[in-house]
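# Structural overview
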Amino acid sequence: MSLTPSIMLPLGTKAPAFELPDTVSGKQESLDALKSSVATLIMFICNHCPYVKHVNHQLVSLANDYQGKNVSFVAISSNDAINYPQDGPEVMKETAVALGYTFPYLYDETQQVAKAYQAACTPDFYLFGPDMKLVYRGQLDGSRPGNNLPVTGEDIRGALDCIVGGMKVTNAQIPSVGCNIK
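Residues numbered from 1 in each chain as written. Predicted model: local features only at pLDDT ≥ 70, side-chain atom pairs only at ≥ 80, totals over all residues. Heavy atoms only, no water.

## Description of the overall build of the chain
Tallying secondary structure elements over the chain gives 5 helices and 10 strands in all. For 182 residues, the compact-globule formula gives about 16 Å, and the C-alpha radius of gyration of the chain, at 15 Å, lands near that figure. With the principal axes as the frame, the chain shows a C-alpha extent of 45 × 40 × 30 Å. Within the chain, the fraction of its 182 residues that count as buried is 54%. Within the chain, residue pairs in contact and separated by at least 24 positions form 77% of the contacts whose partners lie at least 6 positions apart. The averaged location of the 17 negative side-chain charges in the chain is 6 Å from the averaged location of its 13 positive side-chain charges. (Helix = DSSP H or I, 4+ residues; strand = E, 2+ residues; numbered from the N terminus. Rg over C-alpha atoms; globule rule 2.2 N^0.38 Å. Buried < 20%, exposed > 50% of the residue type's maximum accessible area, 1.4 Å probe, protein only. Contact = heavy atoms within 4.5 Å. Lys, Arg positive; Asp, Glu negative; His and termini not counted. Charge placed at Lys NZ, Arg CZ, Asp CG, Glu CD.)

In structure tokens form, the structure reads like this:
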């Protein structure tokens, strides 16, 4: 495991389009079909990374708290399933079902989507406004495995509260850190 920070895609960047298979439904999903008229949170995650495992329950909680406010959540795994079979589509589906994901868990086999978003680590978060321009990128919160801080999602919750409330996102944006995308 290599500790890697987010690259911090420039704010205002338009969300790169994609079409990827959803490992749960088996359907091809596009950004255009999944985006929301309020906010869309793209999350680069995987199954094996301890940083993702540390926050998984908060991801589910976030989705439960904000999907009713017309926020769309999309999880993408771009890891190499040949060298990391626990990050392959079959295990992704098992993980999504076991954890109760209420959002699609897409597989980026070619890693082209991760490259388009400049995603460097898992987890890596990108929040887009109604115009699909980037308004927040960075950490979920300050909790990390072993630092004894509670997983609250406060950084992303603050950004989501701003955009859902029709305000500009003004909170500090600290890079996420985690395992590098394999």
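## With respect to the side chain of aspartate 87
Positionally, aspartate 87 belongs in the loop between β5 (71-77) and α3 (89-99). No salt bridge is formed by the buried aspartate 87. Its closest oppositely charged neighbour is lysine 182, at 7.4 Å. A distance of 2.8 Å separates a polar atom in the side chain of aspartate 87 from the backbone nitrogen of asparagine 47. Of the polar contacts made by the side chain of aspartate 87, one reaches the side chain of asparagine 79; its length is 2.8 Å. Residues within four places of aspartate 87 in sequence aside, it is in contact with Cys46, Asn47, His48, Ser77, Asn79, Ala81, Met92 and Tyr107. (Salt bridge = Lys/Arg side-chain N within 4 Å of Asp/Glu carboxyl O. Polar contact = N/O pair within 3.5 Å; in protein donor to acceptor, adjacent residues only side chain to side chain.)

## As for the side chain of serine 6
Mapped onto the fold, serine 6 is located in the loop between β1 (3-5) and β2 (19-21). Among the polar contacts listed, one links the side chain of serine 6 to the side chain of aspartate 124, at a separation of 2.6 Å.

## Some words on the packing of helix α2 (residues 50-66) against helix α5 (residues 154-164)
Where α2 contacts α5, the two axes come as close as 12 Å, and the packing angle between them is 15°. Compared by their axis directions, α2 and α5 come out roughly parallel. Handedness of the crossing formed by α2 with α5: right-handed. Here Gln58, Ser61, Leu62, Asp65 and Tyr66 of α2 lie close against α5, whose contacting residues are Ile156, Arg157, Leu160, Asp161 and Val164. In terms of residue class, the contact of α2 with α5 is built from 5 nonpolar, 2 polar and 3 charged. (Axes fitted to C-alpha atoms, helices over the stretch in contact; angles between N-to-C directions. Parallel < 35°, antiparallel > 145°, perpendicular 65-115°, else oblique. Left-handed = near helix turned anticlockwise from the far one by under 90°. Nonpolar A, V, L, I, M, F, W, Y, C, P; charged D, E, K, R; others polar.)

## Re the sheet that holds β1
The sheet built from 3 strands is open, its strands ordered β1-β10-β7 with antiparallel pairing. Among the strands making up the open sheet, the edge pair consists of β1 and β7 (121-122). In this structure, β7 lies alongside strand β10 (residues 177-180), joined through 2 bridges in antiparallel fashion. From the neighbouring strand, cysteine 121 faces β10, where its bridge partner is asparagine 180. Its contacts with the sheet place α2 against β1, β7 and β10, and it is angled at close to 130° to β10. (Pairing = 2+ DSSP bridges.)

## Digging into the packing of aromatic side chains
Counting across every chain of the model gives 8 aromatic pairs. Summarising the aromatic geometry, the rings of phenylalanine 18 and tyrosine 117 are spaced 6.4 Å apart at their centres and angled 55° between planes, so their arrangement reads as tilted. Separated by 99 residues along the polypeptide, phenylalanine 18 in the loop between β1 and β2 and tyrosine 117 in helix α4 (residues 112-117) bring together distant segments of the chain. The class for tyrosine 117 is buried, based on a relative accessible area of 0%. An angle of 70° between the planes, with centres 5.7 Å apart, marks the rings of tyrosine 117 and tyrosine 126 as edge-to-face. The class for tyrosine 126 is buried, based on a relative accessible area of 1%. (Phe/Tyr/Trp six-rings, centres within 6.5 Å; stacked < 30°, edge-to-face > 60°.)

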